[in-house]
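# What the coordinates show
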Amino acid sequence: MYASTTTPTHNSASSRSRPTWQRSSNHKPNHRASRSLSLKASSSKQEGDDFESFLFDWQSKLCDKLTRLDGSTTNNEGFCDDVWEREDGSFGRTKVFSGGDLFEKAACNVSVIRGTLTETRAKTMSSRGRKGINPKGGQKYNACALSLVWHPRSPHVPTFRADIRRFAVEPDSRAAMTKKEETNAWYGGGMDLTPYYLNEEDARYFHGKCREICDEYQTRESVEKFGEHSLYRKYKQFCDEYFYIPARLEHRGVGGLFFDDVATSAEANAASVAPSDAKAFTKAVALSWLDIWEPIATRNRSLPITEKETIWHHQRRGRYLEFNLLYDRGVKFGLDGVTPDRFESIMVSAPPRIRWDYKANPPEGSKEERLLEVLREPVDWIE
């Protein structure tokens, strides 16, 4: 369904007012909670867990950069800051920016979850090939992650989603242990692009940058064994397979990188192509996010917008939420047993404005139909 008008909509945020709750004192920083979080982050650093510290440091720097990039004339408060912690030692920070010139909504989460493996979860992990997991459960674990989603105001700027994560499990106390036995850890993460109007130059640029990162961390031996660019091809395929909506027979976007269960030991990764250094590769992926996406946003943020394009934008956002609620493993995990106070953090990736119109099929030969053609059949953008 499309409106007949083609009158450009205003790009400037000056004519929009933010909701009262977003301007209220409720979004002033919780200094007590922030101090507690700082102490926990410092403790992580003292204990040698530089990955946890990296997550919080990069979250803060990213949000500062995004605020400057937005250049908002209406949102002078920047990101709201929601710090939380639990009695079991879990803690985190959710930061959200709303009502900007570039970003209609940008969210950036860090969470550190501590707990004990249940038998069900231990069996699932063991069946996926994670070594050192007792299928009976009982081992202590630490799961930490930095995740983000940027929903631009313009339909000509693609939505960007990314995350990095680590799942660490302490050695099984019931097994024979030696002094050499260490905590098992697995890394994951990635990034993907969801355009509303296809710009093939942007897609090729985005995938080219993804391949560069993968090539930097693929060893010569791996290239000889699995082929050139095989690390990129593996994680691109994972991304295409993961971000798929079976009920619609279409992919959510034009893909990117998606990796999971990357072990820290070379022996565990020897059977298939894997990065030379799991932790370093994971950090490198995160540090590239804004550098890769910003040129795409800058090229397209000022393009004129029609009412028809805005309607299509919001319809396609509906697909974004459909995937998150129906298929995304992270959202399902987060919603399992979630308490009301943390529900907002789980749903923070949802777009701010969405619409579902019955059988909203684009006209034949339209720009909208061209996007759907690509979403139904993934493209090798740089092969």
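What you see is a predicted model, and the numbers here were worked out from it, not measured in a lab. (Residues numbered from 1 in each chain as written. Predicted model: local features only at pLDDT ≥ 70, side-chain atom pairs only at ≥ 80, totals over all residues. Heavy atoms only, no water.)

Pairing between the strands of a sheet comes from backbone hydrogen bonds, and it takes one of two forms, parallel or antiparallel. Overall, antiparallel pairing links the seven strands, which are arranged 2-3-4-5-6-7-10 in an open sheet. This sheet does not close on itself; its edge strands, each paired only once, are strand 2 (80-85) and strand 10 (255-263). Averaged over all pairs of adjacent strands, the angle between strand axes in this sheet comes to 5°, irrespective of strand direction. The pairing of strand 5 (residues 140-152) with strand 6 (residues 159-169) spans ten bridges and is antiparallel. Residue pairing for strand 6: N142 is matched across the bridge by A168. With respect to the sheet, helix 7 (residues 230-242) is in contact with strand 7 (184-194) and strand 10, its orientation differing from that of strand 10 by roughly 105°. Sheet strands in contact with helix 10 (residues 307-326) are strand 4 (103-116), strand 5, strand 6 and strand 7, and its direction is about 170° off that of strand 5. (Pairing = 2+ DSSP bridges. Helix = DSSP H or I, 4+ residues; strand = E, 2+ residues; numbered from the N terminus. Axes fitted to C-alpha atoms, helices over the stretch in contact; angles between N-to-C directions. Contact = heavy atoms within 4.5 Å.)

For the rest of this paragraph, the subject is the nonpolar core. Of all hydrophobic cores here, the largest spans 65 residues; its most connected members are F103, W150, F160, M191, F281, W289 and W293. Ranked by residue count, the leading element in this core is helix 9 (residues 278-300), at eleven residues. Beyond its immediate stretch of four places on either side in the chain, W150 contacts L62, L66, F103, K105, A106, A107, T159, F160, L290 and W293. One finds I113, L117, F167 and V169 within the second-largest nonpolar core, a separate group that totals nine residues. (Core = buried A, V, L, I, M, F, W, Y, C linked by side-chain atoms within 4.5 Å. Buried < 20%, exposed > 50% of the residue type's maximum accessible area, 1.4 Å probe, protein only.)

Glancing now at the pairing of strand 5. Among the 13 residues in strand 5, ten count as buried, and that is most of the element. Counting the residues between successive antiparallel strands, the hairpin from strand 5 to strand 6 contains six residues.

Our focus in this paragraph is the state of the cysteines. Evaluation of the coordinates by the stated rule reveals zero disulfides. Cysteine C108 remains unbridged, with the sulfur of C63 as its closest cysteine sulfur at 4.3 Å. (Disulfide = S-S within 2.5 Å.)

Turning our eyes to something else, we now look at the side chain of T94. Considering the arrangement of structural elements, one finds T94 in strand 3 (residues 91-98). Given a relative accessible area of 5%, T94 falls into the buried group. At 3.1 Å, the side chain of T94 forms a polar contact with the side chain of N109. Looking at T94, its side chain comes within polar contact range of the side chain of S345, at 2.9 Å. (Polar contact = N/O pair within 3.5 Å; in protein donor to acceptor, adjacent residues only side chain to side chain.)

Let us look at unusual backbone geometry. In this structure, H229 is a non-glycine residue whose phi angle is positive, near 65°. If you trace the backbone, H229 turns up in the loop between helix 6 (220-226) and helix 7. Phi at K359 is positive, roughly 50°, even though this residue is not glycine. For K359, the position within the fold is in the loop between helix 12 (340-346) and helix 13 (367-376).

Turning to the environment of P275, a few remarks are in order. Structurally, P275 can be placed in the loop between helix 8 (266-269) and helix 9. Each C-alpha atom, one on P275 and one on C214, is 7.4 Å from the other, the two residues being 61 residues apart in sequence. If sequence neighbours within four positions are ignored, P275 has contacts with Y217, L231, Y235, V262 and F281.

Summed over the entire model, instances satisfying the criterion amount to 23 aromatic pairs. An angle of 35° between the planes, with centres 5.3 Å apart, marks the rings of Y235 and F259 as tilted. Of this pair, Y235 sits in helix 7 while F259 sits in strand 10, placing them 24 residues apart in sequence. The class of F259 is buried, set by a relative accessible area of 1%. Where Y235 meets F281, the ring centres are 6.0 Å apart and the plane angle is 35°; that geometry is what we call tilted. One end of the pair, Y235, is in helix 7; the other, F281, is in helix 9, and 46 residues separate them in sequence. Among the residues examined, Y235 registers a relative accessible area of 2% and is labelled buried. Taken together, the ring pairs in this structure connect F79, F97, F103, W150, F160, F206 and W293 into an aromatic cluster. Positioned over the ring face of Y320 is R252, at 4.0 Å from the centre of the ring. (Phe/Tyr/Trp six-rings, centres within 6.5 Å; stacked < 30°, edge-to-face > 60°. Lys NZ or Arg CZ within 6 Å of the ring centre and 35° of its normal.)

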